[in-house]
Structure formats: C-alpha cells, structure tokens
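Each chain is listed here by its residues.
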Amino acid sequence: MHAWVNGHLLADPRQPVIEVSDHGLTVGDGVFEAIKVVDGLPFALDLHLARLRTSALGLGLPAPDDDAVRRGVASVLDAGLLPLGRLRITVTGGPGPLGSGRGDAEPTIVVVAVPLEPAAPAARVATVPWPRNERGALAGLKTTSYAENVVALAEARRRGADEAVFANLAGHLCEGTGSNVFYAVDGELRTPTLASGCLAGVTRRLLVEWVGAREVDEPIEVVAHADEVFLASTTRDVQPVSHWDERDLGEPGPLTRAAAQTWRRREPELLGR
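The model shown is predicted, which means the values in this text are computed figures rather than measured ones. Sequence order as written defines residue numbering, which begins from 1 separately in each chain. The predicted origin of the model limits local features to residues at a pLDDT of at least 70 and limits the giving and counting of side-chain atom pairs to 80 or more, whereas totals for whole chains, interfaces and linings rest on all residues. Side-chain metrics in this entry use all non-hydrogen atoms of the structure; hydrogen atoms and water are not considered.

**Q** How should the sheet that holds strand β1 (residues 2–5) be read in this particular structure?
**A** In any sheet, the strands associate via hydrogen bonds between backbone groups, in a parallel or an antiparallel arrangement. Criterion used throughout: strands pair if DSSP finds at least two bridges between them. Think of it this way: any DSSP run of H or I at least four residues long counts as a helix, any run of E at least two long counts as a strand, and we number them from the N terminus. Strand order in this open sheet of 6 strands is β2-β1-β6-β5-β3-β4, and the pairing throughout is antiparallel. Both edges of this open sheet fall to β2 (8–9) and β4 (41–42), since each of them pairs with a single strand only. Across 2 bridges, strand β3 (residues 30–38) lies against β4 in antiparallel orientation. Each residue of the ladder has a partner; that of Val 38, found in β4, is Leu 41. Contact criterion: two residues are considered in contact whenever any of their non-hydrogen atoms come within 4.5 Å of each other. Every axis corresponds to a line fitted to the C-alpha atoms, with the helix fit spanning only the stretch in contact, and the corresponding angles, defined between N-to-C directions, vary from 0 to 180 degrees. Against the sheet, helix α3 (residues 66–78) touches β1, β2, β3, β4, β5 (84–92) and β6 (108–115), its axis set at about 30° to β6.

**Q** I tried to follow unusual backbone geometry on my own but got confused; where do I start?
**A** Backbone geometry at Asp 39 places phi at a positive 50°, although glycine is not the residue there. Turning to its location among the elements, Asp 39 is positioned in the loop between β3 and β4.

**Q** Sorry if this is basic, but what is going on with the pairing of strand β10 (residues 180–185) here?
**A** Across a regular strand the side chains alternate sides, sitting on one face of the sheet and then on the other. Here the term buried applies to any residue with accessible area under 20% of the maximum for its type, exposed to any over 50%, and partly exposed to those in between, with areas from a 1.4 Å probe on protein chains only. A large share of β10 lies buried, amounting to 6 of its 6 residues. Burial of the side chains of β10 extends over both faces: Asn 180, Phe 182 and Ala 184 are buried on one face and Val 181, Tyr 183 and Val 185 on the other. The sheet contact formed by β10 and strand β13 (residues 228–233) spans 5 bridges and is antiparallel. Residue Tyr 183 lies in a different strand from β13, and its bridge partner there is Val 229. In the sheet, β10 pairs with strand β11 (residues 188–191) via 3 bridges, with the strands oriented antiparallel. Bridge pairing in β11 places Val 185 opposite Glu 188. Where β10 folds back onto β11 in an antiparallel hairpin, the turn is made up of 2 residues, including Asp 186, whose phi is positive at roughly 50°.

**Q** I'm lost on the pairing of strand β7 (residues 123–127) in this one. Help?
**A** Looking at chain direction, β7 and strand β14 (residues 237–244) are connected through 3 bridges and run parallel. Counterpart to Ala 123 in the pairing with β14 is Val 241. Across 3 bridges, the pairing between β7 and strand β8 (residues 163–167) is parallel. Residue pairing in the sheet places Val 125 in a bridge with Glu 163 of β8. With helix α4 (residues 147–158) bridging β7 and the parallel β8, this β-α-β connection has right-handed handedness. Consider the strands pointing away from the viewer: the crossover is right-handed when the path from the first strand over the helix to the second runs clockwise.

This is the structure in structure tokens:
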C-alpha cells in the first residue's frame, strides 16, 4: 500500500494522519473514486476525476483541486509498480463539528494505491429487500456514506452470493453495491437508466457507448426471465452472473462474451495519466 494525504506521501501508509473530527469520518461527508491500475497506469483517469467533481459539487463540497489530486495519483503510483491495482481517491469535508453541520476547514484529500486481485470468472448475485432511494439527496453520487452497501453485501454473503443488487422505490432494477447491472432479453442488451438512482459508472458509460446497450427502467423481476446477466464495474470489468438468487444462468451468453471481448480490446485506449 502507498498513501498520499494532503500533499504528502506517507512513509508509513498506516500511520494515523486524519483528524478525529474529520467530517468524512464522523458523518460520512465525503466522496471518492476507485480506479483500476494496469501496469502502473490508471484507467480512464479523466472520466473518474470528472465524476469526482460532480459528486463533490452534488454533496455541496468544493470542487476538488484537480492538480493536487493528480499529484497524489502520481506520487502513489511512482512509489511502486502495480501490475494490477486499485487506486482510491477520497475527498472529505475536512475537520468539522461532530454534528451534521460543516466547519470552514479545507477539504481532506487522500489517495491510496493497493494491489488488486483479478475478479472472479463469474458472480453470484442476491437480491436484497432494501430499496435504493432514487429521489434521495445522494442518488447517483459516489459518496463515502456506504453503510447501506455494507449491510446489503453482508446479507448477500450470508446467502452464499458475492454481490447484492437493489431495486429502487419504484420496484425497478437499480444497481449492485459496487456494480452496474446489464441483462439481455430477446437478444437485446439492456441496463437501468440513471434516473433509476444507479451510479453513473464509468465502466457502465463506456459499455453503453462501445456495445450499444439500451437504457431502460423495468421491474426487477425482469431478470428472472433474462437470457444473460453481467455486472460491470472498475474492479470487475465485465463479469458474468452465474447465479441470481436461486436461478442458475449457466455459462456466459453471446452478448456477455462479446462485451467482455470488446472491453479487453478497447481498455488500453484509456490507460494513462
């Protein structure tokens, strides 16, 4: 692990450096990005930084200092070559009151790089009973308020799955705890719209562009009849779903295989700083 905090590469990445009153710690007042690293190069860095800015402004935080974030990225990546890694950029409201109100401190910026294990060949998915609120203040923002995801993923793992998927308040398919969902019906690849409350995933965005998936909102029950399903995220790329609750979907279908092939072919286009 290599860590950079507020302009400094830490000699010991596990040393205590964040103030106990940091609003990201006390109330989850922060935003973040997780970025795949391949042979020391971040994937789609510009797209991730643009989304970091959108999330920060949506949360009411100042726009992150792009130059400072890029210096942090360079520092942790130059500290040691990562053949395959995960880069996490976190921006919080900085030190503040112990309640919900913000103080006037400068934001805290943290950049961490760690090795990443390759994603499993396939995923098992469990539908969880708690809905995403597509009308909530945080809908579509990538914030550090992730406790809902922690609870949902723990429930999925209790049921033998490795990802939990939510419907939204309307009962429509929404997203996973850390992934977007794609599914095929009658030979057509589909994915929920951003109006569903799902995160505007960078991997999702590129797949919609590269393979032509149709964005549509449908009841979550549609997956019970889908011919194939896959998850998409920074750390999963295109990951086939082998089981959804009790349903066995079998081997990856042709649209899933084609999406994975397209991803492998085009991924190098967006590697770089």
